[in-house]
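# Examination of the molecular architecture
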Amino acid sequence: MSAYSEEDVAALNRVVETLEAHPEDIHKVELAELKRWATQAGATFASPPTPQEAPSPTTAQAAAEEDDDASEPDEERWTLDDGEPTEIPAKAGEPSDADVEAAMTAKGEAAELYGEGKREEAIAKMNEALTHNPNNAMYWGLRALYHLEGNKPCAALHDANKALAINPQNVRALRVRGTVRRHLGDWAEAVKDLGDAQSIDYDDKTNETLKYVQSRATQRHKRELAQQEAKREAALKRQEELRRQRQAEAAAAAEEEEEASRGYGGMPGGMPGGMPGGMPPGMDAIFEDPEIMAAMQDPEVGPKLSQMMQNPMAAMGMMNDPKVGPIMQKIMSKMMGGGGMPGGMPGGFPRGAPQGGAAPGGASAKNARSAAQDDLD
């Protein structure tokens, strides 16, 4: 007898089919034992999907703003696609007694038809009443109500506006317009219309609608304040970034100016370590020589040349240097034409110093230093 019933096999097959369609389900807690067994049997699974990060407050806020108008069920949101109602021609002056009587008769018939559920016929009779007396706010408000009950918000809004233009305190028109605005998502305007109507004639049903639109108007106001604050913070951030950018540009310009004022090699006078006594004659020719300028940038040659420029006596020990000697010869050849070496030694090196580099015929740096010492004694 098999240890697995038909129900067990069927259930296992359903699990396998589901995993084939959704392999990431193997990482679910309820399948932990199956995953453990399969892993021990040598199966490997892809890493579980990384949970999506929660949207940032800014992103969430933007999404909420976009979805705000669509947050209600579709049947709670209206559009004004029913078109304008039948236009009633205006009349100058007060209506005649005959017009007033005809209008009242038509209005009464409209009320009877409306009570019988015949809205279209009621609206047609209100058209007659308004034709006789177009300056009656009550008639406009009544036709607005009939349009509203007939699911014609555009026509209802039109008639409510006409009634309120004649009498801003027409309660029926205020309620009709407030209701239309509520379903258009014009929360603040709906609060005003319904609140004005309640202050004139309190109504329980209208009060429930008013509470709802007040809560939505408050939410929208908070979002608008949050948007304004976000824009203000963004503007401040941009200003701070611009300020830092200007500071960085000014600092870079100042650094470039300072670098330029230091001259070649970044040292006063153009030589590493500085040049005492200013710019001696002939130095301009040195700075025009690319080989000399390259040597000044050499970390092995530059410091020695600096030492030589500050202490010409130190040049005696550098003449045999394979890098420094040739550069010194070139410098001396240019300096001789300019009146002497820096450091107050006109005419070049002290008496007895070699004038053309290393002593010929095997003369050593030691002999050069000895000659210089004799001269000093």
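Residues numbered from 1 in each chain as written. Predicted model: local features only at pLDDT ≥ 70, side-chain atom pairs only at ≥ 80, totals over all residues. Heavy atoms only, no water.

Where an unreviewed UniProt entry is consulted, the protein appears under the name STI1 domain-containing protein, with the organism given as Leptomonas pyrrhocoris.

## Quick notes on unusual backbone geometry
Phi is positive for Asn151, which is not a glycine, with a value near 60°. With respect to the secondary-structure elements, Asn151 resides in the loop between helix 6 (137-149) and helix 7 (153-166). (Helix = DSSP H or I, 4+ residues; strand = E, 2+ residues; numbered from the N terminus.)

## Examining the packing of aromatic side chains
Counting across every chain of the model gives two aromatic pairs. Ring geometry for Tyr114 versus Tyr146: centroids 4.4 Å apart, planes at 20°, classification stacked. Residue Tyr114 is located in helix 4 (residues 97-115), and its partner Tyr146 is located in helix 6; the two are separated by 32 residues in the primary sequence. Relative to Tyr212, the ring of Trp187 lies with its centre 5.8 Å away and its plane at 75°, an arrangement referred to as edge-to-face. With a gap of 25 residues between them, Trp187 in helix 9 (residues 187-200) and Tyr212 in helix 10 (residues 204-262) connect regions that are remote in the sequence. (Phe/Tyr/Trp six-rings, centres within 6.5 Å; stacked < 30°, edge-to-face > 60°.)

## Observations regarding the layout of surface pockets
Quantified by volume, the largest pocket comes out at close to 320 Å³. What lines the largest pocket is a set of 13 residues, among which Leu148, Arg175, Thr179, Lys205 and Thr206 lie closest to the centre. Among the elements that take part in the lining of the largest pocket, helix 8 (residues 171-184) stands out by supplying four residues, more than any other. (1 Å grid on protein atoms, 1.4 Å probe; cavity = no way out; pocket = protein on both sides within 12 Å on 5 of 7 lines; lining within 4 Å. Points joined across faces, edges and corners; volume = space filled by probe spheres on them.)

## Examining the pattern of salt bridges
By the definition in use, this model includes 13 salt bridges. Measuring nitrogen to oxygen at the nearest pair gives 2.7 Å for the salt bridge that ties Lys125 to Glu109. Note that Lys125 is positioned in helix 5 (residues 119-132) and Glu109 in helix 4, a separation of 16 residues in sequence. Relative accessible area serves as the criterion here: at 21%, Lys125 is assigned to the partly exposed category. Where Asp196 meets Lys192, a salt bridge forms, and the shortest distance between an N and an O atom there is 3.0 Å. Note that Asp196 and Lys192 are positioned in helix 9 at a spacing of four residues, about one turn of the helix. In this structure Asp196 comes out as partly exposed when scored by relative accessible area, which is 27%. Here Lys192 falls in the exposed class, since its relative accessible area comes to 54%. (Salt bridge = Lys/Arg side-chain N within 4 Å of Asp/Glu carboxyl O. Buried < 20%, exposed > 50% of the residue type's maximum accessible area, 1.4 Å probe, protein only.)

## Things to note about the side chain of Arg177
Relative to the helices and strands, Arg177 resides in helix 8. Residue Arg177 is classed as buried on the basis of its relative accessible area of 15%. Engagement of the side chain of Arg177 in a polar contact is seen with the side chain of Asn161, the distance being 3.0 Å. Within the structure, the side chain of Arg177 is placed 2.9 Å from the side chain of Asp193, a separation counted as a polar contact. (Polar contact = N/O pair within 3.5 Å; in protein donor to acceptor, adjacent residues only side chain to side chain.)

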